[in-house]
Amino acid sequence: MAWPVRETSASDALPLDVLPLILEHLSDRRDLCTCAQLSRSFHDAATPLLYRTLDVRVVTDLKRQRPTVVHPSATILKKPEYAKYVRYVRETGTVGFHRPDLIKACRKSLGLCVNLEGFTWSDDSPEGSNEHDFVAYLDILRDLPLRELVIHTFYGLSDDVWTTLQDFTKLSKVSIWCMEGKPRILQGWSEKLGESLTHLELGRCSGVPASILIAVLSHLPRLRVLRLKGAPSAAILEILTFLPQLETLDTEYFGNAAFGRYDDVPAATLKELTVRTSSVHIQGFQQLWTWIRRLTPRPGLESFTLNAFSTQGEALIPRGFLLDMAATHKDTLKHFTADSMQMTLKDVECLCTVFPALETLSCSTLFTHDEAGVRYEETVASAKNLREIRMVNNWMSNAHLGNQMYMQAARNSMLREDSKLRLIALGCTIYEGRWVCKQAEDGTHHVEFDVACNVVQDLWG
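To start, this report covers the structure provided alongside it. (Residues numbered from 1 in each chain as written. Predicted model: local features only at pLDDT ≥ 70, side-chain atom pairs only at ≥ 80, totals over all residues. Heavy atoms only, no water.)

Under the definition given, this model contains eleven aromatic pairs. Between the aromatic rings of tyrosine 82 and tyrosine 85, the centroid separation amounts to 6.4 Å while the plane-to-plane angle is 35°, which identifies the pairing as tilted. Residue tyrosine 85 is classed as partly exposed on the basis of its relative accessible area, which comes to 24%. On the basis of an interplanar angle of 45° and a centroid distance of 5.7 Å, the ring pair of phenylalanine 119 and tyrosine 137 is categorised as tilted. (Phe/Tyr/Trp six-rings, centres within 6.5 Å; stacked < 30°, edge-to-face > 60°. Buried < 20%, exposed > 50% of the residue type's maximum accessible area, 1.4 Å probe, protein only.)

Together, Leu14, Val18 and Ile22 make up a nonpolar patch on the protein surface, roughly 200 Å² of accessible area in all. Relative to the assigned elements, valine 18 resides in the loop between helix H1 (10-13) and helix H2 (19-23). In this structure valine 18 comes out as partly exposed when scored by relative accessible area, which is 32%. (Patch = residues over 30% accessible without salt bridge, like charges linked within 9 Å, V, L, I, M, F, W, Y side chains within 5 Å. Areas by Shrake-Rupley, 256 points an atom, 1.4 Å probe, with all protein chains shown as cover. Salt bridge = Lys/Arg side-chain N within 4 Å of Asp/Glu carboxyl O. Helix = DSSP H or I, 4+ residues; strand = E, 2+ residues; numbered from the N terminus.)

Our focus in this paragraph is the nonpolar core. Looking at soluble globular proteins, one finds that nonpolar side chains tend to be buried together. In this structure, Leu186, Trp189 and Phe336 are the most contacted members of the largest nonpolar core, which totals 122 residues. Those residues in contact with phenylalanine 336 that lie beyond four places of it in its chain are Phe304, Ile317, Leu322, Met343, Leu351, Leu358, Thr360, Leu361 and Ser362. (Core = buried A, V, L, I, M, F, W, Y, C linked by side-chain atoms within 4.5 Å. Contact = heavy atoms within 4.5 Å.)

Take the packing of helix H14 (residues 319-329) against helix H15 (residues 345-354) next. Running from amino to carboxyl end, H14 crosses H15 at an angle of 5°, the nearest separation of the two axes being 10 Å. Between H14 and H15, the angle is such that the two are roughly parallel. Touching Arg319, Leu322, Leu323 and Ala326 of H14 are Lys346, Asp347, Cys350, Leu351 and Val354, all from H15. Across the contact of H14 with H15, the residue classes break down as six nonpolar, no polar and three charged. (Axes fitted to C-alpha atoms, helices over the stretch in contact; angles between N-to-C directions. Parallel < 35°, antiparallel > 145°, perpendicular 65-115°, else oblique. Nonpolar A, V, L, I, M, F, W, Y, C, P; charged D, E, K, R; others polar.)

Let us now look at unusual backbone geometry. Positive phi, close to 70°, is recorded for leucine 186, a residue that is not glycine. Here leucine 186 is to be found in the loop between strand S7 (173-178) and helix H10 (190-193). Phi is positive for aspartate 418, which is not a glycine, with a value near 70°. By secondary structure assignment, the location of aspartate 418 is in the loop between helix H18 (404-415) and strand S16 (423-426). Owing to a relative accessible area of 54%, aspartate 418 belongs among the exposed residues under this scheme.

Counted according to the given criterion, the structure contains 21 salt bridges. The shortest N-O distance in the salt bridge between aspartate 347 and arginine 319 comes to 2.5 Å. One end of the pair, aspartate 347, is in helix H15; the other, arginine 319, is in helix H14, with 28 residues separating them in the sequence. It is possible to trace a salt-bridge network through shared partners that takes in Asp139, Arg142 and Asp167.

Rendered as structure tokens:
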């Protein structure tokens, strides 16, 4: 007697331990929800990913002109076995304003998330009227293995809340962004976080004396990521002397960095540097370039981003600065972004030459319709590892950029010998190349290189 042969589906053929690794690349929750309904194995793999992060949403009903609060607490209370999958929760003070009847369920569901790692609180109320809800959440979080705490408020944090926060002494990430109230820079708290904190974001340092900021951060030698808004430029150089493990710095430059005040070499070897600055005149950036090089005296920088704004127009990045940076970071720099600063095509060519490891480049350029085709192709010819380049030019229309000349120049750049370039953006026009399999009229298949041209945004059209 022959037994019936059971057909094996593609999902059954996949090893169960591999399936979650595949599904975690899905960015749309609707796709994960669909996968969870395919089969038992897909359900078991997709459910932990679906409930890893819980967000509250406030949807405005256009007919009733009334906001509707969509909160995951109802699902967690109905199926408490899902709570063990939750790692991050984002709560907002809007829930208490529009649906105060949900607060009790929100608190109860949060207490069930025994594996919680991160909590985000957002409150845009102008008077801090929802602060009591935040305090109630903090009381619940005391008993959970919390590692990350993110706070976004408009009104700021009261002294009582600040005292309560200092009870959390094992956090690895703290992010505080307050528009009003007292600047909160971990005074009295940093001493307790010194052994655990690796990621710190302080969104309001304006008005804080440099000596106080330096004293606070000196207690955090394990920091690897630091983001400061409003911190005095002169203090940054000194801060880097006692943060030996710092790899990522995001800060601002306000000019007059007082280089002679502190001459020690930073202990940190930065891998990622983001600098934000502005000036009422173009000449205000003169000391900026020296300041940046002082921040990165040793090889190791992999990503550099500069956001600079001048009321007198876009300033040029000095060729000397590029050469000085290359003398230190030529073998490590992979990502260069300076969309708000001008560079000539010769500067771009220099950049591609002196940084052979460069993979992505984004800048604002000076070129005309007549020179952008062939000249552009020559500019990136020396970039052997470049994968993506974006050039902003406000004087060229997308109608010109979409013609065959630019399409052919993009194709030539992507197909030249040893080229890894696959995405070229000129203004709002993007050329993206890839190998595709196509079918001929006789039914045979062949592989050819296809360049697609798309306009992602046209502000002037």
